[in-house]
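Here's the letter readout for the chains.
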Amino acid sequence: MSEQPLNPTPAGSPDAPPTDETPTGPARTGSTAADSLADATAEETTTADEAAALRAASFERARRLRMEPRFPGGPAADPAGSHHERRIRSFQPRRSRVTTGQQESLERLWPKWGLDIDGRRVLDPAELFDGLPVVLEIGFGMGEATAQMAADDPGTGILAVDVHTPGQGNLLGLADKAGSTNVRVANGDAVILLREMLAPESLDGLRVFFPDPWPKARHHKRRLIQPDFLDLVAPVLKPGAIVHCATDWEPYAEQMLEVLTAHPRFENTAADGGYAPRPAFRPLTRFEGQGLDKGHVVHDLLFARV
């Protein structure tokens, strides 16, 4: 039996023989570090690629949601592909909750009384309303005032434009309940309607009641009543047609008065060149009542197209 050394050389010491677990020198140590770094870099790259792919998929889902109609046969989510236009908008599309009644009205009445502003055809307002004079209303909220005006004046057709789906359904339901057949609901951007879908001198009036005032100074450029907008409006109105605006935001009322007064195609119907009394045909809306309760002053402006 051979004698074993009393103090064997510890494994891993400089004098110990190499083993499978012992690195053989600097080359092997450097290779291991490089491999670890490469693995970490590859893992980080894979993680970044996966995150980018997830973001792209999320963006695509959101895009498809914006493009898909909420109700088959109802108003389109983006009828004119208007997200491709790079101009400043005066409105913000909203996807609010639609009640059961509003959904039923959209599904039942949209094919009969609704239309999408797609910019691909020219409408004949008189044909839409069987020969009635036609007034364009831009922005009708939940439609209570529009439905009331339609019921009170069945001899005038109202082409009502908005992008708010619950309001579209509500107006259709209110008109149907009242037995009014002189309302058509247009879904989309009123600028595209005016610019591309209406023939010259095809409208008998324009109503813009309580548009978004965009109160912050940096947002004033989004206000609807601007010289460029009036340039679109004037050609599609018949001579003598009335542009009727109303707002409870004093600075916006002042801007409206200034812009309309300065435009060569419009003339103030108020003898003193200022604001007009509220016409009896414009209902006092719930929104307007809330503003009056807060001390707001409502101004009406009536200008004739010359």
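This structure is a prediction, so every number in the text was calculated from the model and none was measured.

**A short note on the overall build of the protein chain**
In step 1: Counting secondary structure elements, the protein chain contains nine helices and eight strands.
In step 2: Relative to its full complement of 306 residues, the protein chain shows a buried share of 41%.
In step 3: Intrachain contacts of the protein chain at a sequence separation of at least 6 include 78% that bridge at least 24 residues.
In step 4: Here the protein chain displays about 17400 Å² of accessible surface, and carbon together with sulfur accounts for 55% of that area.

**Some thoughts on the confidence of the model for the protein chain**
Detailed conclusions should not be drawn from predicted coordinates in areas where pLDDT is low.
In step 1: Chain-level pLDDT for the protein chain is 85 on average; 77% of the residues reach the 70-or-more range.
In step 2: Below a pLDDT of 50 lies the segment residues 1-14, which in the model reaches four contacts outside its immediate sequence neighbourhood of four places, other chains included.
In step 3: In the model, residues 19-28 has pLDDT below 50 throughout and makes four contacts with residues more than four positions away in sequence or in other chains.

**Notes on the nonpolar core**
In step 1: In this structure, L136, I138, L193, L206 and F229 are the most contacted members of the largest nonpolar core, which totals 38 residues.
In step 2: Of all the secondary structure elements, the ones that give two or more residues to this core are β2 (134-138), β3 (157-162), α6 (190-196), β5 (203-209), α7 (227-236), β6 (237-247), α8 (250-262) and β8 (299-305).
In step 3: Here I138 is in contact with V161, A190, L194, L206, R207, V208, F209, L224 and F229, once residues within four sequence places are set aside.
In step 4: Formed by 19 residues, the second largest nonpolar core is a distinct cluster that contains W113, F140, M149 and L172.

**Remarks on the environment of V122**
In step 1: With respect to the element layout, V122 can be found in the loop between β1 (114-116) and α3 (125-128).
In step 2: For V122, a relative accessible area of 58% translates into the label exposed.
In step 3: Distance in space between the C-alpha atoms of V122 and A199 is 6.8 Å, their sequence separation being 77 residues.

**Focus on the packing of aromatic side chains**
In step 1: Taken as a whole and assessed by the stated rule, the structure comprises zero aromatic pairs.
In step 2: The ring of F129 carries the charged tip of R184 above its face, separated from the ring centre by 4.8 Å.
In step 3: One Lys or Arg, R282, reaches over the ring of F209 and ends 5.8 Å from the middle of that ring.

**A look at the pattern of salt bridges**
In step 1: The final tally for this structure, using the stated rule, is eight salt bridges.
In step 2: Between D204 and K238 there is a salt bridge, and its shortest N-O distance comes to 3.3 Å. One end of the pair, D204, is in strand β5; the other, K238, is in strand β6, and 34 residues separate them in sequence.
In step 3: D204 gets classed as partly exposed once you look at its relative accessible area, which sits at 28%.
In step 4: Given the relative accessible area of 33%, K238 is considered partly exposed.
In step 5: In this structure, the salt-bridge partner of R282 is D300, at a minimum N-O distance of 2.8 Å.

**A closer look at the packing of helix α4 (residues 144-152) against helix α5 (residues 165-178)**
Two numbers describe a pair of packed helices, the interaxial angle and the distance between the axes.
In step 1: The N-to-C vectors of α4 and α5 enclose an angle of 30°; their axes lie 9 Å apart at closest approach. Judged by the inter-axis angle, α4 sits roughly parallel to α5. As for how α4 packs across α5, the hand of that crossing is right-handed. Here E144, T146 and A147 of α4 come into contact with α5, specifically with N170, L171, L174 and A175.
In step 2: A class-by-class count of the residues in the contact of α4 with α5 yields four nonpolar, two polar and one charged.

**Brief notes about α7**
In step 1: Those residues of α7 that fall on the buried side of the exposure criterion are F229, L230, V233, A234 and V236. In an axial view of α7, the angular spread of the buried residues amounts to 165°, which keeps them on one side of the axis.

**Here's the deal with the sheet that holds strand β7 (residues 266-268)**
Note on sheets: strands pair through backbone hydrogen bonds, and any given pair is parallel or antiparallel.
In step 1: A sheet is described by the order of its strands in space; here eight strands give the open sequence β1-β4-β3-β2-β5-β6-β8-β7, paired in mixed fashion. The sheet is open, and its two borders are formed by β1 and β7, each paired with just one other strand. Taking each pair of neighbouring strands and ignoring which way they run, the sheet shows an average axis angle of 25°.
In step 2: Sheet analysis places β1 next to strand β4 (residues 183-187), joined by three bridges and oriented parallel. Directly across from D116, in β4, lies its bridge partner N187.
In step 3: Along the sheet, α5 contacts β3 and β4; its crossing angle with β4, the most-contacted strand, is approximately 170°.
In step 4: Strands β2, β5, β6, β7 and β8 of the sheet are contacted by α7, whose axis makes an angle of about 140° with β6.

Rules used throughout
- Residues numbered from 1 in each chain as written.
- Predicted model: local features only at pLDDT ≥ 70, side-chain atom pairs only at ≥ 80, totals over all residues.
- Heavy atoms only, no water.
- Helix = DSSP H or I, 4+ residues; strand = E, 2+ residues; numbered from the N terminus.
- Buried < 20%, exposed > 50% of the residue type's maximum accessible area, 1.4 Å probe, protein only.
- Contact = heavy atoms within 4.5 Å.
- Areas by Shrake-Rupley, 256 points an atom, 1.4 Å probe, with all protein chains shown as cover.
- pLDDT = per-residue confidence, 0-100.
- Core = buried A, V, L, I, M, F, W, Y, C linked by side-chain atoms within 4.5 Å.
- Phe/Tyr/Trp six-rings, centres within 6.5 Å; stacked < 30°, edge-to-face > 60°.
- Lys NZ or Arg CZ within 6 Å of the ring centre and 35° of its normal.
- Salt bridge = Lys/Arg side-chain N within 4 Å of Asp/Glu carboxyl O.
- Axes fitted to C-alpha atoms, helices over the stretch in contact; angles between N-to-C directions.
- Parallel < 35°, antiparallel > 145°, perpendicular 65-115°, else oblique.
- Left-handed = near helix turned anticlockwise from the far one by under 90°.
- Nonpolar A, V, L, I, M, F, W, Y, C, P; charged D, E, K, R; others polar.
- Arc of directions from axis to C-beta.
- Pairing = 2+ DSSP bridges.

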